[in-house]
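# Per-entry structural report
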Amino acid sequence: MVRINAALATAGLFLTTTTAVSTQVASGFAASDGSISFALNIPQNDSNNDLYFSMQADASVSWMAIGMGNNKMDDTLMLMVYADSTGKNVTVSPRLSYGHTEPSYTKNVTIAVQPGSGISNGNMTVNAICSNCRSWKGGSIDPTNPTAKFIFAIGPDGSINSNSESANIKRHSTYGAFTMDLTKAVGAAQIPIIATSDSSGTIQTQDQTDHDFSPPLHACAMVLAFVGLMPAGVLILRVMKSPKWHGYNQALSAVLAVLGALLGIYAGTMYNRSRNWNSAHQIFGTFIIVALIGQFVLGFMHHRIYKQTQASTKLAPYHVWLGRVIIPAGIINGFLGFPLALNPKYNWALLALTLLMVVVFGPIMFWRWKRNANQSPPGNPSDSDGYQNQPWNAGPSSSNIDLGGYGQRDHPPQPINDPPPNYNYQIPTQGRDFV
Ligand code: HEM
Ligand code: HEM
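Residues numbered from 1 in each chain as written. Chains lettered and ligands numbered in written order. Predicted model: local features only at pLDDT ≥ 70, side-chain atom pairs only at ≥ 80, totals over all residues.

## Observations regarding the overall build of the protein chain
Heads up, the rule is: Only DSSP runs of H or I with at least four residues qualify as helices, and only runs of E with at least two residues qualify as strands; both kinds are numbered from the N terminus onward. Three exposure classes are used, all based on how many other C-beta atoms lie within 10 Å of a residue's own C-beta (placed from the backbone): buried at 20 or more, exposed at 12 or fewer, and partly exposed between those limits. By definition, residue pairs are in contact when their C-beta atoms, positioned from the backbone, come within 7 Å.
Scanning the protein chain from terminus to terminus reveals six helices and 16 strands. Scored against the burial criterion, the 435 residues of the protein chain give a buried share of 40%. By sequence separation, contacts in the protein chain at least 24 residues apart represent 67% of the contacts at least 6 residues apart.

## Focus: the site of ligand 1
Where we set the bar: Should the C-beta atom of a residue, placed from the backbone, lie within 6 Å of a molecule or strand, that residue is near it.
Around ligand 1, the structure places 23 residues, and the nearest of them are Lys72, His100, Glu102, Ile151 and Ala153. When contributions to the shell around ligand 1 are tallied by element, the ones reaching two or more residues are β4 (63–68), β5 (76–83), β13 (148–154) and β14 (174–180).

## Re the site of ligand 2
Put simply, the test is: Each residue gets one of three labels, nonpolar for Ala, Val, Leu, Ile, Met, Phe, Trp, Tyr, Cys and Pro, charged for Asp, Glu, Lys and Arg, and polar for the others, Gly among them.
Gly264, Gly268, Gly285, Gly334 and Gly337 are the nearest of the 30 residues found near ligand 2. Taken together, the elements giving at least two residues each to the shell around ligand 2 come down to α2 (214–238), α3 (243–268), α4 (280–309) and α5 (315–340). When grouped by side-chain class, the residues that make up the shell around ligand 2 number 16 nonpolar, 13 polar and one charged.

## Digging into helix α6 (residues 346–375)
Residue pairs three or four apart in sequence face the same way in an α-helix, which turns once every 3.6 residues. Quick note on the threshold: In a helix, the anticipated span is given by 1.5 Å times the number of residues less one. Bend is the name given here to the angle between axes fitted to two runs of seven residues, the run ending at a residue and the run starting at it.
Between its first and last C-alpha, α6 extends 43 Å over 30 residues, near the 44 Å set by a 1.5 Å rise per residue. Phe361 marks where α6 bends most, by close to 30°; the proline Pro363 follows one to four residues later.

## Some remarks on the pairing of β5
On a regular strand, each side chain points to the face opposite its neighbour's, so the side chains alternate between the two faces of the sheet. The test is simple: Only strands joined by at least two bridges in the DSSP assignment are considered to pair.
A large share of β5 lies buried, amounting to eight of its eight residues. Relative to strand β6 (residues 90–97), β5 runs antiparallel, the two being bridged by eight bridges. Within β6, the position partnered with Leu77 by the bridge is Leu96. Where β5 folds back on β6, the antiparallel hairpin that results is connected by six residues, among which Gly87 adopts a positive phi of roughly 80°.

## Some words on the sheet that holds β6
Pairing is antiparallel across the open sheet formed by seven strands, whose spatial order is β7-β6-β5-β4-β13-β14-β16. For this open sheet the edge positions go to β7 (104–105) and β16 (203–209), each flanked by a neighbour on one side alone.

## Comments concerning the nonpolar core
Short version of the rule: In plain words, the nonpolar core is the set of buried Ala, Val, Leu, Ile, Met, Phe, Trp, Tyr and Cys residues that C-beta atoms within 7 Å link up.
Core analysis: the biggest nonpolar cluster contains 61 residues, and Val81 and Phe152 have the highest contact counts within it. The element that contributes the greatest number of residues to this core is β5, accounting for seven residues. Leave out the neighbours within four places in its chain, and Phe152 touches Ala31, Ile36, Phe38, Ala65, Ile66, Tyr175, Gly176 and Phe178.

## Some points on the packing of α2 against α6
Rule in force here: Inter-axis angles, ranging from 0 to 180 degrees, are taken between N-to-C directions of lines fitted to C-alpha atoms, where helices are fitted over the stretch in contact. Orientation labels follow simple angle bins: below 35 degrees gives roughly parallel, above 145 gives roughly antiparallel, 65 to 115 gives roughly perpendicular, and whatever is left gives oblique.
Contact geometry for α2 and α6: axes closest at 11 Å, N-to-C directions at 0°. It follows from the interaxial angle that α2 and α6 lie roughly parallel. Between α2 and α6, the residues in contact are Val223, Val227, Pro231, Leu235 and Arg238 and Leu350, Leu353, Thr354, Met357, Phe361, Ile364, Met365 and Arg368, respectively. Among the residues making up the contact of α2 with α6, the classes are represented as 10 nonpolar, one polar and two charged.

## Topic: the pairing of strand β1 (residues 27–30)
By the alternation rule, side chains of β1 split into Ser27 and Phe29 and Gly28 and Ala30, which are all buried. Summarising the sheet, β1 and strand β2 (residues 36–43) pair through four bridges and their orientation is antiparallel. For Ser27, the partnering residue across the bridge sits in β2 and is Leu40. Hairpin geometry of β1 and β2 is characterised by an intervening segment of five residues between the two adjacent antiparallel strands and by a positive phi of about 75° at Gly34.

## Things to note about α2
Counted at 1.5 Å a residue, the expected span for α2 with its 25 residues is 36 Å, and the 35 Å between its end C-alpha atoms agrees. Approximately 35° is the largest bend angle found in α2, and it occurs at Ala225.

## Some details on unusual backbone geometry
One non-glycine residue, Lys241, adopts positive backbone phi at about 55°. Looking at the element boundaries, Lys241 is found in the loop between α2 and α3. A count of 23 C-beta atoms within 10 Å places Lys241 in the buried class. A positive phi is found at Leu342, a non-glycine position, where the angle reads about 65°. For Leu342, the position within the fold is in the loop between α5 and α6.

## Looking at the environment of Gln208
Structurally, the position occupied by Gln208 is in strand β16. Counting along the chain gives 36 residues from Gln208 to His172, while the straight-line C-alpha distance between them is 9.9 Å. Those residues in contact with Gln208 that sit more than four places away from it in its chain are Thr174, Tyr175 and Gly176.

## Some thoughts on the environment of Phe213
Mapped onto the secondary structure, Phe213 falls in the loop between β16 and α2. Through-space distance from the C-alpha of Phe213 to that of Leu263 is 9.2 Å; in sequence the pair is 50 residues apart.

## Focus on the environment of Ser85
Residue position: Ser85 is located in the loop between β5 and β6. A residue is classified by how many C-beta atoms lie within 10 Å of it, and Ser85, with 12 of them, is exposed. Taking the C-alpha atoms as reference points, Ser85 and Ser162, 77 residues apart in sequence, are found 4.6 Å from one another. If we skip the residues at most four places from it in the chain, Ser85 touches Asn161, Ser162 and Asn163.

Function-wise, these values are silent; they only describe arrangement.
Structure representation (structure tokens):
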């Protein structure tokens, strides 16, 4: 809620320039939900095409903006305001918008911030003069228009703290539209006082809350896939010894990751930081998703060939090693994703989840490795690498290993103590190479 500076308003105080006069001429707008207020003064006989304006919103919002020239984002010139690096003053950024994407800074417009601007008493306030502000590519301000179209929006809570006029922003939490009678705004040049209510001729036509679901859904899908399901799939194979359920689980995680990538691709189209597909997160993420699809194909083909030949395949080590690279790579990419989405503090949550995964899964893997190492015949080369422990070299007590679980219906029961042909220690017999 905007806490309007009542003292300022009731005192009728207004900030003046060299051409100050004692009567105020301006049109005002105050959003019905109190999210933002705006007042505009159009100096008459002004060769610079200046506009004088004031704007205010609650200091908790990350940004506030008014767009001129249309009742939707298309073709508007936006006056966007956010906290500067000190958090006490404001940066005013003129931006052009051509659709449902983050508007881009334009240097054709110059904005001079005036006294009275800043962040104090719970308000973010700006008083400013905008030069060369009455026409732009796609629109214009016509001082004779009694129903000129405007839009407004505020960003989600937060603080941008940037002096850059092209700072990255998040999508709005509230937006809307109004019309203004500009004939009432024309007069002597002066910064208008903050509007406490709509002036005559101002009508609000839209008010909408909004949330950008695609980045959080993308994040949830990816974190669930890479930190949850995929490591669990390794456990299913190595501890539960079930290639069948490993396959199902990893197929599910791959589908989730691909759907998550589609959401990421969509989110990326909206923001200047990602529209050109040049962030490390997007590039690295694309490689990971391609590798993941390759990994799925490798696992699937290995499974098919195994079913035909009952022997391990040459694809096995590639599948194992690609898997060992993809999972950590995906998790690392998550650490690049949160800062890209302007949520760097969530990296702590991702770190906590990753450590939780290691703390829960690590001891189980270690226990299994120890058990298999103890049960293996001495001198067995694979003993040194418990992670690669194979069911046919685990001792007899491991005969509950579900070789048939691959499954019991698909294959005749196999001897469990001998490795498959081509396996790197060499008793020629059959067996299931768990990869
Ligand atoms: C990161 C920046 C922004 C993004 C990604 C963005 C994106 C979008 C999207 C996707 C919609 C459609 C929402 C829906 O139909 O559910 C929308 C609508 C809208 N936005 Fe934005 N927006 C941004 C900044 C702004 C700013 C700065 C303003 C105001 C000055 C604004 C004003 C509006 C308005 C009035 C609408 C409804 C009218 C329309 O469909 O264009 N937006 N925006
Ligand atoms: C093709 C692959 C990928 C693409 C195109 C992609 C795209 C994106 C984009 C554009 C964003 C920023 C959205 C914004 O600015 O609001 C983002 C955020 C994010 N991405 Fe990705 N990504 C991909 C893969 C991954 C992978 C493999 C992970 C693994 C965990 C991941 C995790 C995240 C996370 C955690 C965020 C932060 C979301 C938020 O804070 O709301 N992404 N991604």
